[in-house]
Every structure is written in C-alpha cells, then in structure tokens.
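Spelled out, the chains give:
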Amino acid sequence: MSSIDPGPPPVPASSADSRRKERIDPQVWKIAGVVMLAPLMAQLDSTVVNVSLSTLAEKLDTTLTTIQWVSSGYLLALALTLPLTGWLVDRVGARRVYLACFSVFTLTSLLCGIATSAPGLILFRILQGMAGGVLTPLSQMMMARTAGRNMARVMGIAVMPVMIGPILGPTLAGLILQHAGWQWIFLVNLPVGILATLLAWRVLPPDRDLRVRRNFDAPGFLMLSPALAMLLHSLETLASDTAGSQRMVWLELGAALLLLAAFLRHAARRAGAALIDIRLFRARAFAASAATQFLSNCMTYGGQLLFPLYLISARGYTPARAGVLLALMGLGLICAFPLMGKLTERYGSRRVATAGALIGLAGTLPFTLVDRYEFSDMAICALLWLRGTGLGSINIPSMSSAYADIPRERLPVATTALNIVQRLGGPVATTVLAIWLHASLGAQAAPPAGQVAAAFSSTFILFCVVHALGVLAASRIPGRKRRA
C-alpha cells in the first residue's frame, strides 16, 4: 500500500512577523492618551512660565531674583514629592493618586491665576510642584503597566504631543501676554485639567489587585527628599552663577551628597521595605537602562544650555534667529519618536539606543572645531536635526528595556527610581558644562573672539565625552531575548 507524502511541515511565522502583525488593544491607546495629558500639561505650563518670568516680575512689582522662585520653587517641590510616587501607588492605587494629583494641579493653576502678590504666587506654585512631582512618573508607570511588551510602540506615539509642549510654549506665552493678562498663563490650564480629570475618571481602570500594603519609610523619606531638593538647587545655582561667592552653595551640595549617601546605606539595610528598593539596580537591564537615561538627560539639557549660548554669545545671533535654528533639534526628536516602536521590536533596545547615541554624537562632534571653522546656518541646522534624531532614539528603547523584566507589582517603585536618576542628569550636566565654560573664558569681562571660540570648542569636547559615555551605557543594555 503506497503512502502519501504529506510534504514538508508548515513553516511557522517568525516571532518578528507575529509581533509586527500584533494589534494593540484600543483600550491601551485610550489609557495612554489620557495619562500623557499630565506630562503634556506640566511641560507646557513650565515652558510658558519660564518665558514669562520677566513680565511677572514687572506686573507683581518685584525683582527678577524673587520671581525666579516661581520656577525654582516648583522644581524643588517636585523633587520633594517624587520619591513618594511608588509608595503612594502601592498603598492608595494608581487611579486614585492620578485623579487626586491632577485635581490638585488644576486647582493650584486657578490659585496661581488669582494670586495678587509674588509670595502668594510662589506658594501656589510650590503646591503645584508637589502634585507635578507625582504626575510624570505616575503617567510613565501606568503606561508601562498597561502596554506591557508593546511599551516602545505605544510610547513612541503617545509622547509626541508632550514633545510639542516646549515648541509651542514660547509662542503661547507671547500670545497670552500680548492679548490677555498674565493670569491666563495659569488659567489656561483649567479647561484642559478639568477635561483630563473627567477622562481619567472614566477611562483609567481600578488597580485593587496590584496594591501592596507596605509601611511608609519615614526615615528614608526624610533623607532622600531633602537630599534631592538641595542637590538640584545647589547644582542649578552653580550652573547659573559661577562668578560670585559660593561657599554656602558648596556646603549645600556637600550636605545633599551626605544625605544621599546616608539614604543609600539605609536602603541597603531595609531592602524591599525602603522607600526606593535599590536592589533593582543589581539587574543588568535596569542598571544599564538607568545609566543610559541619566546620560541621555545629560545630553539633552547640556545641549539646551550650550547651543543657545554658542549661537548668541560666540556667533552674535539674535535670540529669535538662534531659536529658529534650535527648533531643528526639536524637529529631529519629533521625526524619531514614531519610528521607535517598530525599530525596537525589530532590532532590539540595545541596537536602537546605541545607534541613537552614536547619531547624537555625530551631530555634536563637528562643533568641537568651532575655533577653526565657522559653519553656515544650513550646516548648523543639519547637525542639530541629526543630533535631535539621535537623542530621540535613546529614551524609548532604553526605557522599554528597563521595564522588560520588572513584575507588574514592582513597577511603581521601579518607575520612581528611574525618574530620580533621570532628573539628576540634566542639572549635573549643565553645572559641569557651565563651570568648564566660565573657567575657559577666564575672568575678563569681554574676552577676545578667539578666546571665546576656543572656550566653546573645549566645552564641546567635554560634551562629546558625555555623549561617548552615553554610547557606552547604551551598548550595555541587554540584547533582544531569543525566542523559541
């Protein structure tokens, strides 16, 4: 009896093809759209306020030094409450914390808008910063919890509106100050805040099964929160005023580092019972991703300090002309983000993040020659766009890798730890670069053009070293796991 040859067995679709064809649940997109309204609102609010400080000083009849605390007080309050995010989510639940913080952020926007004095406005901005310190990491955590392994694809699309905030901020501030009172800088948040709170109440799912009843680590909070606030304040002061007497600032920085060291020792002893579980950094994926995120913020905020200074101080450009050129860097970021999900799924987090860091380095490296060559505006635009594209290719892949092996119940603590590391990158970079640049310029009030160009060239060399460290950190992210 003859047997019929069934032929070769069917070839299963590759895991890459199946992932490419996988459809994301529409509920995931709804949740992502709602939770990203918080960082969008906070980013736009901070940009508009920073641009309007001189107007606020004039209208409230105070000095620029005093009104600066509208911005600085917000950032310090944000640093104070940031470590609480993980514990609050574990005890109360992400949905309740999100609704409460967004409501407080919206209410304090109203209070800022009706403030009649500078001290009152500063007080309300501090309260607003306390809510904002929880909102951004909370939004990131909720997206990681909902999107799961599709986080790179979802975040690549969801964060695009957030990136538009710093671009629209100056324009929006100008329109408000020209056609309405300064109060509308804050009152414009009200309709968005009310709408976002209602959407969050309807869309966000309850998370009773994910709540963890762990005790509040009061000693850890009393060490970590002041340490972060003093560290950020001292670094910001050093970066903005490197010429004056800074003995008290250095004492503040030393006290912050001592408190931070004390917290790390305390957290090592308490392990999972600490406010931040530092055992997370023992995992290679999380540690490498956290280092990449830290250095990525160094590259981003260091560039925001260095490139405007170079164009205005060394090239003599007007702020408007420099702003047009610098917008190309933001355009590069926007171009990169939508591609990050597909690229990360196809090539893995390590390859995409490392390639992005290399592209960012390639866009920055030519500026080390500004003491020898004067680049045209077209060349500067091309380099800044290239740099923006590279920087936009680092955060999402590295963040996706950081959360890949974290159990859902530990996401709140992991998100808090990662956000603390992220936020320290910017102040550290701007402080180091500002001190280096001022030292290179010397003590002369008006140094010659050659010395200015040489000072910027050496500072860009130091900045490229930071970029190279970012490439090294990204290359340490674990590669894509092999699937059977």
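Parameters at a glance
- Residues numbered from 1 in each chain as written.
- Predicted model: local features only at pLDDT ≥ 70, side-chain atom pairs only at ≥ 80, totals over all residues.
- Heavy atoms only, no water.
- Helix = DSSP H or I, 4+ residues; strand = E, 2+ residues; numbered from the N terminus.
- Buried < 20%, exposed > 50% of the residue type's maximum accessible area, 1.4 Å probe, protein only.
- Areas by Shrake-Rupley, 256 points an atom, 1.4 Å probe, with all protein chains shown as cover.
- Core = buried A, V, L, I, M, F, W, Y, C linked by side-chain atoms within 4.5 Å.
- Contact = heavy atoms within 4.5 Å.
- Phe/Tyr/Trp six-rings, centres within 6.5 Å; stacked < 30°, edge-to-face > 60°.
- Axes fitted to C-alpha atoms, helices over the stretch in contact; angles between N-to-C directions.
- Left-handed = near helix turned anticlockwise from the far one by under 90°.
- Nonpolar A, V, L, I, M, F, W, Y, C, P; charged D, E, K, R; others polar.
- Expected span 1.5 Å × (residues − 1).
- Arc of directions from axis to C-beta.

Turning our attention to the overall build of the protein chain. In terms of helices and strands, the protein chain carries 22 helices and 0 strands. Taking all 484 residues of the protein chain together, 50% fall into the buried category. Accessible surface, the protein chain as shown: approximately 22800 Å² in total, 66% of it carbon and sulfur.

Among the nonpolar cores identified, the biggest contains 113 residues, and Tyr-98, Leu-138, Phe-367 and Phe-460 are the most heavily contacted of them. It is helix 21 (residues 411–441) that contributes the most residues to this core, 12 residues altogether. Leaving out residues up to four positions away in the same chain, Tyr-98 has contacts with Val-34, Val-35, Ala-38, Leu-135, Leu-138, Ser-139, Met-142, Ala-200 and Leu-204.

Attention now goes to the side chain of Thr-106. As for its position among the elements, Thr-106 is in helix 8 (residues 94–113). Judged by its relative accessible area of 8%, Thr-106 is buried. When sequence neighbours within four positions are dropped, the list of residues in contact with Thr-106 reads Met-41, Leu-190, Gly-193, Ile-194 and Thr-197.

All right, on to the packing of aromatic side chains then. For the structure shown, the criterion picks out 12 aromatic pairs. Aromatic side chains Phe-307 and Phe-460 sit 5.3 Å apart centroid to centroid with 45 degrees between the ring planes, which places their arrangement in the tilted category. Here the residue Phe-307 occupies a position in helix 16 (residues 284–314), and Phe-460 occupies one in helix 22 (residues 449–475), the gap between them amounting to 153 residues. Given a relative accessible area of 2%, Phe-307 falls into the buried group.

A separate point is the packing of helix 17 (residues 319–347) against helix 19 (residues 377–391). For the pair helix 17 and helix 19, the least separation of the axes is 7 Å and the interaxial angle reads 35 degrees. Relative to helix 19, the crossing made by helix 17 is right-handed. Within the contact between the two elements, helix 17 uses Arg-321, Leu-325, Leu-326, Leu-328, Met-329, Leu-331, Gly-332, Leu-333, Cys-335 and Ala-336 and helix 19 uses Asp-377, Ile-380, Cys-381, Leu-384, Trp-385, Arg-387, Gly-388, Thr-389 and Leu-391. Residues that form the contact of helix 17 with helix 19 fall into these classes: 13 nonpolar, 3 polar and 3 charged.

Interhelical geometry of helix 18 (residues 349–364) versus helix 20 (residues 395–404) gives an angle of 150 degrees and a closest axis separation of 8 Å. Crossing angle aside, the handedness with which helix 18 passes helix 20 is left-handed. Within the contact between the two elements, helix 18 uses Ser-349, Val-352 and Ala-353 and helix 20 uses Pro-397, Ser-400 and Ser-401.

Now for the environment of Ala-227. For Ala-227, the position within the fold is in helix 14 (residues 218–240). Separated by 148 residues in sequence, Ala-227 and Ala-79 have C-alpha atoms that sit 9.0 Å apart. Here Ala-227 is in contact with Ala-256, Leu-259 and Leu-260, once residues within four sequence places are set aside.

We now examine helix 13 (residues 189–203). With 15 residues, helix 13 ought to run about 21 Å at 1.5 Å a step, and its terminal C-alpha atoms sit 21 Å apart, in line with that. Where helix 13 is concerned, the buried positions are Asn-189, Gly-193, Ala-196, Thr-197, Ala-200 and Val-203. Projection of helix 13 onto a plane perpendicular to its axis shows the buried side chains occupying an angular sector of 145 degrees, all on one side. When the buried face of helix 13 is taken as reference, the exposed residues oriented beyond 90 degrees from it are Pro-191, Leu-195, Leu-198, Trp-201 and Arg-202. Looking at the buried side of helix 13, the elements it contacts are helix 2 (26–35), helix 3 (37–51), helix 8, helix 9 (118–147) and helix 12 (184–187).

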